Amino acid sequence: MRALDRKLLRDLARMWSQAATIALVVASGVGGWLTSLSAVDSLAAARDRYYVEGRFADVFAELVRAPRDVADALLAVPGVADVQPTVERLVRVEVDGVVDPIIGRLVGVDTRRARRLNRVDVRAGQPLEAGAALRGDGTIDALVSAAFADAHRLRPGSTVHALVNGRRRALAIRGIALSPEHVFAQLGGAPDVRGYGVFWVDERALAAAYDMDGAFDHVSIRLAPGADEAAVVAETTRRLAPWGARDAHGRADQPSNRMLADEIREQRVLGTVLPVIFLAVAAFLLNVVVSRLVATQREQIAALKALGYPNATIAAHYLKLVGLIVLAGLALGVAVGDVLGAMLTRLYAEFFRFPSFEHRLAPGLVATGAAVALGTALVGTLNAIWATVRLPPAEAMHAPAPGHYRPTLVERLGVHGLGTAQRMILRNMERRPWRTALSVGGVATAVAIVIVGGFVRDAMDAIVQSAFGRALRADVVVWMADPVDDATRHAIARLPGVIAVESGRDVAVRFVGAHRVERGQVRGRVAVPDLNRIVDVDGRVVVPPDDGLLMTDRLAAKLGLAVGDTVRIEVLEGARRTLEVPIAGTVRETMGLNAYIERRALNRLLGEGDVATQYALAVERGAEPRLLEAARGLPRLAGTFSKATLERNMREVSARNVRIMSTIMTVFAAVIAVGVVYNNARIALAERTWELASLRVLGFTRAEVSALLLGEQALVIAAALPLGLVLGRVLVHGIVGLLASDRFEFPVEILPRTDAWAASCVVVAGIASALVVRRRVDRLDLVAALKTRE
């Protein structure tokens, strides 16, 4: 073994605890990178593979009713390769032993031939039999979506009931199935595997039940290679408009695919930004540790140069030190990232359903993580190493010039009463302003990244609290299949347990601005909502205007409009008409591209009577089951949902997964915080060993000597805590900006518990570091320490 290699091993053995904490910081960065991005890559790969295998359509349209030959005519549209018309209906579903309301989507399937688009993959049981559309007792054979089946423990042979066109029918489950159209089980944008299920039934049975023989109300289109999607969407919309069609849309607006794409995009941001911050901190730590290490080894470097070692060899020696530390962290990070990535993939599999979905740690992802880790480490340390090894041997042999001490700024300002120890601490910090600033900055960054790691959890809690605590204060929402006379609310008010009723009217529209067109909804609310309120991201309640639209700020920005401008609204349901409505105000909401107006004002704009499409109900405690049972008898009822059930589902599925991911990142951030604080303390001890030994010889006690060093560390932490809280908020605002999309925006919500956790991590790390430093000061070899400058 060469001499320099033996020196390298001795250096690592001497600074093993510092090397271990730096390796943990690197492991946290690499582990966070691989955890998030490997799971996201696995999710994207499963999606892409299934979309190809399942022949997922490219364009979709929903209409009222059209004859089948209209669908056949769409084949003549330039760019269209295939067309598949279907009949689909939303129905109320009853599962034995389940009181909560359930909505089912019945999808007609031609059992006589294989589906060309959006294929149905039977995972358990048997496919639907050709010619068995409807049994003699009215039972309909069905396949059920896997997520819903798992949530309710349904198996082939189970039976549920559905209200099909006003008639209660049994659905006999023949099999458990998947389809690329319904990878994500959702109704209204929220994951709901318990309250929403998809049922594939023979299309003849479904068509007969709704008098849709020879007709369709949904159509899926596959594009030819190189086709212009926008042109096909526009032409499809034009051709289907006479049949009550809403806007046709591409995959980007297909609900399941949109939620999947948003999840992938958001996790790519979090999985990239946070680990890069972690690795930047690791590079900073390595720079500080290595630069101060080589500074304390000036005499050794001079001796090596005097013995003939060239600068490049000495620099390579210290780069090996950095490389070994980084490689150790990299190996640990890959192992941790693989395990946690597989865990996150399993969480995704609970509500993103694919025929095959396995975690895969791509070699390219590992190589990228390794390159980033090594690259940041080398960039962070190369300059410090080269600056020292370039010193001439004679100059390096000299000890650094003594510091120039003078009264501190505090003393010059006239503050008296400071003890000797306090003055020594302040003078040492002021004499080396750059070192002090870097120490404060490093600890502040540690505080900030712990805050960043926890803010997603806080934001999700804020979203749930805002949606179900401040905005939706109703207990149950009832929505109708079509607009009904608002006198219906009097019948609803007489249902068991109902305390109060608020009417609402939602209309699907197309907003047309100066240069953009966006699909969305105009939501009509009562003049002063109490059960279904409009609440902005800051928690303020906003009242809907009666002389214009209250538009979400993202929608206004996308349309290029401002308050006072007029927006053209093309109504996509009922009697099609175009409206010109002024924008009375904007509101920042967490979700959606929506606009609000007072309900009666909306009805006047539409030229309709006093109608409503939904009712928000306040219900007596304990009366909800009786109400839901009684509501089943309402005419023209499309469905109901319970706020408590929806909130529980959101907390148990979506919010839980976010919290788990946030907890992983918070733990990584806490490890980094400990690494920063501990290394600051150890480096300060290494730099001041000679001074501390001299003070001991001069009669200072161990406690007094320790107080000088630890007092400085305490001041650094005290100065860094408020700075870190501010820096954390700056980083959170930046990440929220990167995560923002057209349909969703995280609120900037940092709860006191997150600030307290961040501060506690740093303070506890400081206390632990102080105990280690105090122990080393107590064991200080005065003779060996004082020899270092002879």
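Quick look at the structure, then. (Residues numbered from 1 in each chain as written. Predicted model: local features only at pLDDT ≥ 70, side-chain atom pairs only at ≥ 80, totals over all residues. Heavy atoms only, no water.)

### Things to note about the overall build of the protein chain
Threshold: To qualify as a helix, a DSSP run of H or I must reach at least 4 residues; to qualify as a strand, a run of E must reach at least 2; elements of each kind are numbered from the N terminus. Per-residue accessibility, obtained with a 1.4 Å probe over protein chains only, is compared with the maximum for each type, and a residue is labelled buried under 20%, exposed over 50%, and partly exposed between these values. Contacts were defined at the residue level, with two residues in contact if any of their heavy atoms lie within 4.5 Å. Only the protein chains shown count as cover for residues, and all accessible areas are computed by the Shrake-Rupley method using a 1.4 Å probe.
When helices and strands are tallied, the protein chain shows 23 helices and 24 strands. Counting all 790 residues of the protein chain, 54% fall into the buried class. Partitioning the intrachain contacts of the protein chain with sequence separation of at least 6 by distance along the chain shows that 82% fall at a separation of at least 24. A total accessible area of about 33200 Å² is found for the protein chain, and carbon and sulfur atoms account for 58% of it.

### Points about the pattern of salt bridges
Pairing between side chains of opposite charge can happen when the charged atoms of each approach one another. Going by this rule: Take a side-chain nitrogen of Lys or Arg and a carboxyl oxygen of Asp or Glu: if they are within 4 Å of each other, that pair is a salt bridge.
Summed over all chains, the structure comprises 35 salt bridges. Across the pair Arg 204 and Asp 202 runs a salt bridge whose closest N-O atoms are separated by 3.1 Å. Asp 202 sits in the buried class, given a relative accessible area of 3%. Through salt bridges with shared partners, one network takes in Asp 486, Arg 489, Arg 599 and Asp 610.

### Considerations on the packing of aromatic side chains
Test applied: Whether two aromatic rings pair depends on their centres lying within 6.5 Å, for rings of Phe, Tyr and Trp, where Trp uses its six-membered ring; planes under 30 degrees apart make the pair stacked, over 60 edge-to-face, and the rest tilted.
On inspection of all chains with the given rule, the structure shows 8 aromatic pairs. Judged by centre distance (4.4 Å) and plane angle (40°), the rings of Tyr 51 and Phe 56 are tilted. For the pair formed by Tyr 51 and Phe 56, the shared burial category is buried. Note on Phe 184 and Phe 352: the rings are 5.4 Å apart at their centroids and 35° apart in plane angle, and the pair reads as tilted. A residue pair is termed long-range when its members are at least 10 positions apart, and Phe 184 in the loop between strand E8 (167-178) and strand E9 (186-187) and Phe 352 in the loop between helix H9 (311-349) and helix H10 (363-389) qualify at 168 residues. Note on accessibility: Phe 184 and Phe 352 belong to one class, buried. Here the aromatic cluster, defined as three or more aromatic residues joined through ring pairs, consists of Tyr 50, Phe 354 and Phe 357.

### Quick look at helix H20 (residues 689-697)
Residue pairs three or four apart in sequence face the same way in an α-helix, which turns once every 3.6 residues. Those residues of H20 lying buried are Glu 691, Leu 692, Ala 693, Ser 694 and Leu 695. Two residues or fewer after H20 comes Gly 699, characterised by a positive phi angle close to 115°.

### Notes on helix H1 (residues 3-14)
Applicable threshold: Here the expected span of a helix is defined as 1.5 Å times the quantity of residues minus one. For this quantity, the arc is that covered by the directions from the helix axis to the C-beta atoms.
Between its first and last C-alpha, H1 extends 16 Å over 12 residues, near the 16 Å set by a 1.5 Å rise per residue. Among all positions in H1, only Leu 4, Lys 7, Leu 8, Asp 11 and Leu 12 are buried. One side of H1 holds all its buried residues, which, seen down the axis, span an arc of 135°. Summarising the geometry of H1, the exposed residues directed more than 90 degrees from the buried face are Arg 10 and Ala 13. Buried residues along H1 sit in contact with helix H2 (16-53), helix H8 (298-306) and H9.

### Topic: the pairing of strand E19 (residues 549-552)
Basically, it comes down to this: Note: two strands are recorded as paired if DSSP finds a minimum of 2 bridges between them.
The two faces of E19 match: Leu 549 and Met 551 on one face and Leu 550 and Thr 552 on the other face are all buried. In terms of strand pairing, E19 meets strand E21 (residues 578-587) through 4 bridges, oriented parallel. Paired with Thr 552 across the strands is Val 587, a residue of E21. Two elements, E19 and strand E22 (residues 594-598), share 2 bridges in a ladder whose sense is antiparallel. Looking at E22, one finds that Met 551 is bridged to Ala 595.

### So, the side chain of Asn 603
Here Asn 603 lies in helix H17 (residues 599-606). For Asn 603, the contacting residues outside a window of four places in its chain are Arg 505, Glu 608, Gly 609, Asp 610 and Val 611.

### Describing the environment of Leu 34
Counting through the fold element by element, Leu 34 comes out in helix H2. The class of Leu 34 is buried, set by a relative accessible area of 0%. A C-alpha to C-alpha distance of 7.9 Å links Leu 34 and Gly 333, two positions 299 residues apart in sequence. Leu 34 has contacts with Ala 39, Gly 333, Val 334, Gly 337, Leu 361, Leu 365 and Val 366, leaving out every residue within four places of it along the chain.

### Description of the packing of H1 against H9
Rule in force here: For helices, the axis comes from a line fit to the C-alpha atoms of the stretch in contact; other axes are also lines fit to C-alpha atoms, and the angle between any two N-to-C directions lies between 0 and 180 degrees. Each angle is binned into one of four classes, with values under 35 degrees roughly parallel, values over 145 roughly antiparallel, values of 65 to 115 roughly perpendicular, and all other values oblique. Whether a crossing is left-handed or right-handed is set by the direction in which the near helix is turned from the far one by less than a right angle, anticlockwise for left-handed and clockwise for right-handed. When residue character is reported, Ala, Val, Leu, Ile, Met, Phe, Trp, Tyr, Cys and Pro are called nonpolar, Asp, Glu, Lys and Arg charged, and the others, Gly included, polar.
Between H1 and H9, the least distance of the axes is 10 Å, while the angle of their chain directions is 40°. In terms of their interaxial angle, H1 and H9 are classed as oblique. Considering the relative orientation of H1 and H9, their crossing is right-handed. Where H1 abuts H9, its residues Leu 4, Asp 5, Lys 7, Leu 8, Asp 11 and Leu 12 lie against Thr 313, His 317, Tyr 318, Lys 320, Leu 321, Leu 324 and Ile 325. In terms of residue class, the contact of H1 with H9 is made up of 7 nonpolar, 2 polar and 4 charged.

### So, the nonpolar core
What counts here: As used here, the term nonpolar core means buried Ala, Val, Leu, Ile, Met, Phe, Trp, Tyr and Cys residues forming a set that is joined through side-chain atoms within 4.5 Å.
Counting residues in each nonpolar core, the largest one holds 62 residues, and the members touching the most others are Phe 278, Val 443, Phe 455, Phe 746 and Val 762. Contributions of two or more residues to this core are made by helix H7 (255-296), helix H13 (420-431), helix H14 (433-471), helix H19 (643-687), H20, helix H21 (702-739) and helix H22 (752-778). Of the residues forming this core, the biggest block, 16 residues, is contributed by H14. Residues in contact with Phe 746, not counting those within four places in the same chain, are Val 456, Ala 459, Ile 463, Val 736 and Leu 739. Of all hydrophobic cores here, the second largest spans 51 residues; its members include Ala 39, Ala 57, Phe 60 and Leu 178.

### Some remarks on empty space enclosed by the protein
Quick reminder of the rule: Cavities and pockets are found on a 1 Å grid laid over the protein atoms alone: a cavity is a set of points where a 1.4 Å probe fits but cannot escape, a pocket is an open set with protein on both sides within 12 Å along at least five of seven lines, and a lining residue has an atom within 4 Å of such a point. Grid points are joined across faces, edges and corners, and a volume is the space filled by probe spheres set on the points.
Within the structure shown, the criterion is met by 5 cavities of 30 Å³ or more. Lining of the largest cavity is provided by 13 residues; of these, Ser 145, Ala 147, His 182, Phe 184 and Ala 185 occupy positions nearest its centre. Within the residue set of the lining of the largest cavity, elements represented by two or more residues are helix H4 (146-152), E8 and strand E11 (196-202). Ranked by the residues each element gives to the lining of the largest cavity, the list is headed by E11, at 3 residues. When grouped by side-chain class, the residues that make up the lining of the largest cavity number 9 nonpolar, 3 polar and 1 charged.

### Side note on unusual backbone geometry
Phi is positive for Arg 55, close to 50°, though the residue is something other than glycine. Mapped onto the elements, Arg 55 comes out in the loop between H2 and strand E1 (59-67). Judged by its relative accessible area of 25%, Arg 55 is partly exposed. Phi angles above zero are rare outside glycine, and Asp 211 is one such case at about 55°. Turning to its location among the elements, Asp 211 is positioned in the loop between helix H5 (203-209) and strand E12 (215-223). The class of Asp 211 is exposed, set by a relative accessible area of 57%.

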